[in-house]
Amino acid sequence: MHLAHFDIDHFLCHHWQKRPLLIRNPWAAWRNPLEPDELAGLACDDDVEARLVIGDDARRVMESGPFGESRFGELGAGPWTLLVQAVDHQVPDVAALMEPFRFVPDWRIDDVMVSYASHGGGVGPHFDQYDVFLVQGLGQRRWRVGPVCDAQTPLLPHDDLRLIADFEASDEWVLNPGDILYVPPCFAHDGVAVGDDCMTYSIGFRAPSRAELVEGFCDHQTEHMVDEDRYADPDLARQAAPGEITAVAIDRLHALVTSALADRDAFARWFGAHNSQPKYDGDWRPDAPIDAATLRDSLAQAVPLARNPASRFAFMRLPDGNRLFVDGQDFDCAGALAGLAEQLCAGSELVVDPHWAGSADGLALIAALIDQGSVAFVEDD
Ligand code: SIN
Ligand code: CO
């Protein structure tokens with residue numbers, strides 16, 4: 001899928017992480033990929049994260065799902081909005097919306113949240129830490145955007161919502177079906193439904209915080225540290241003031257910490273696995289490990305392999321091949337296997353070359369991915 005009149009290089013240079021952009025319906029023929037009723041159905045599912053925000057001012061009330069089927073009928077005529085997380089994991093046509101935005105690498109993509117709002121409904125003025133493409137699916141929404149916010153921005157007192165206290169927008173647009181608004185991190189934004197049946201698809205990105213990286217990598221590195229690995233001073237020299245922690249001691253202590261974190265290869269392996277951890281469990285794990293004959297037959301017959309939409313795939317290039325990361329696991333793919341790793345990361349479905357049916361390494365990799373629920377053979381129906 002390709003967006004017409006959308007210059008990716010110009011966008012990356014002038015807008016990505018810099019300033020908002022309104023893109024008027026760039027789709028060849030926009031079609032709303034999900035019906036409001038289907039979204040309501042997902043919000044009733046135990047495995048789906050959903051919220052309702054009722055009202056249109058500081059007294060907005062938030063309720064968390066899953067919701068009973070009768071809940072939506074009870075909401076009445078006032079403004080409200082339903083927000084459902086990771087709908088791309090449930091609905092292939094919603095997952096397909098991410099395809100034109102893959103000029104941003106997959107590891108930066110989070111998921112697609114879908115909202116439905118009645119007239120006047122919305123979550124209120126707020127800012128997010130992440131980039132987002134807001135695709136208007138159905139109906140109309142008025143977006144007001146700007147300025148850039150931070151931890152000092154005054155918020156309204158609210159237990160569940162982080163609403164900006166004195167929101168004054170610098171831009172305002174009404175979006176129609178197919179229109180897209182790009183909002184960079186920390187830009188204040190407020191979307192209010194104009195008329196009923198307003199559906200918005202938020203294609204959200206992620207960017208790890210320094211705190212998340214430091215904490216996660218430190219935890220990982222400390223896992224295998226032995227008790228004997230500690231400060232030592234066999235060269236201890238007498239010091240004038242016993243109460244002083246000397247610069248020499250600090251240098252040595254600090255080096256213990258920084259050298260443990262300086263291992264770039266260990267960092268790369270940890271990060272790949274960490275970033276590929278699935279956010280929600282798609283549960284495609286088979287009841288029993290796939291048997292070797294079934295696997296070989298399916299590959300030999302070129303049965304397509306589908307990726308679990310909840311799974312996260314990425315690879316890194318190494319001097320002698322690729323390292324594949326899938327759902328928190330890493331797989332060293334040297335030699336010809338490197339190409340298979342790259343193919344697995346390219347798209348949601350692939351036909352694996354039948355010659356892999358004769359390769360022990362290829363069979364082991366695909367069996368491992370099937371057994372951990374990250375891929376499955378597409379069954380004929
Ligand atoms: C919405 O769809 O109403 C909210 C999207 C957002 O502001 O991030
Ligand atoms: Co937002």
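These numbers were taken from a predicted model, which means no experiment stands behind them.

Draft legend 1. Just the site of ligand 1, in detail. In the region of ligand 1, the neighbouring residues are Leu83, Met113, Ser115, His126, Asp128, Leu134, Arg141, Trp143, His189, Thr200 and Ser202. Residue His126 places a side-chain N or O atom 3.1 Å away from an oxygen atom belonging to ligand 1. Surface burial for ligand 1 is 95%, taken as the share of its 260 Å² of free accessible area covered by protein chains. Looking at the shell around ligand 1, the elements with two or more residues in it are β5 (109-117), β6 (132-148) and β9 (187-205). Tallied by class, residues from the shell around ligand 1 come to four nonpolar, five polar and two charged.

Draft legend 2. A look at the coordination of the cobalt ion (ligand 2). Of the protein atoms, only His126 (NE2), Asp128 (OD) and His189 (NE2) coordinate the cobalt ion (ligand 2), at distances of 2.0 to 2.1 Å. Look at where the donors of the cobalt ion (ligand 2) fall in the sequence and you get H-x1-D-x60-H. The class of His126 is buried, set by a relative accessible area of 14%. Overall, the relative accessible area of 29% leaves Asp128 in the partly exposed class.

Draft legend 3. The arrangement of the domain arrangement of the chain in detail. Entries for the chain in the domain assignment read domain 1 (8-205), domain 2 (209-225 + 249-262) and domain 3 (292-377). Using only C-alpha atoms to locate each centre, domain 1 and domain 3 end up separated by 34 Å. Together domain 1 and domain 3 conceal approximately 480 Å² of surface at their shared face, both sides included; 32% is due to carbon and sulfur atoms. The largest per-residue losses of area from domain 1 upon contact with domain 3 belong to His89, Arg102 and Asp106, which jointly make up 67% of the total buried on that side. Between domain 1 and domain 3 we count zero salt bridges in total. Linking domain 1 with domain 3 are four residue pairs in polar contact (both at pLDDT 80 or more).

The rules we used
- Residues numbered from 1 in each chain as written.
- Chains lettered and ligands numbered in written order.
- Predicted model: local features only at pLDDT ≥ 70, side-chain atom pairs only at ≥ 80, totals over all residues.
- Heavy atoms only, no water.
- Near = heavy atom within 4 Å.
- Polar contact = N/O pair within 3.5 Å; in protein donor to acceptor, adjacent residues only side chain to side chain.
- Areas by Shrake-Rupley, 256 points an atom, 1.4 Å probe, with all protein chains shown as cover.
- Helix = DSSP H or I, 4+ residues; strand = E, 2+ residues; numbered from the N terminus.
- Nonpolar A, V, L, I, M, F, W, Y, C, P; charged D, E, K, R; others polar.
- Donors = N, O, S within 2.8 Å, 3.2 Å for Na, K, Ca; no water.
- Buried < 20%, exposed > 50% of the residue type's maximum accessible area, 1.4 Å probe, protein only.
- Domains from an automatic or database assignment.
- Buried area = accessible area lost by both parts, 1.4 Å probe.
- Salt bridge = Lys/Arg side-chain N within 4 Å of Asp/Glu carboxyl O.

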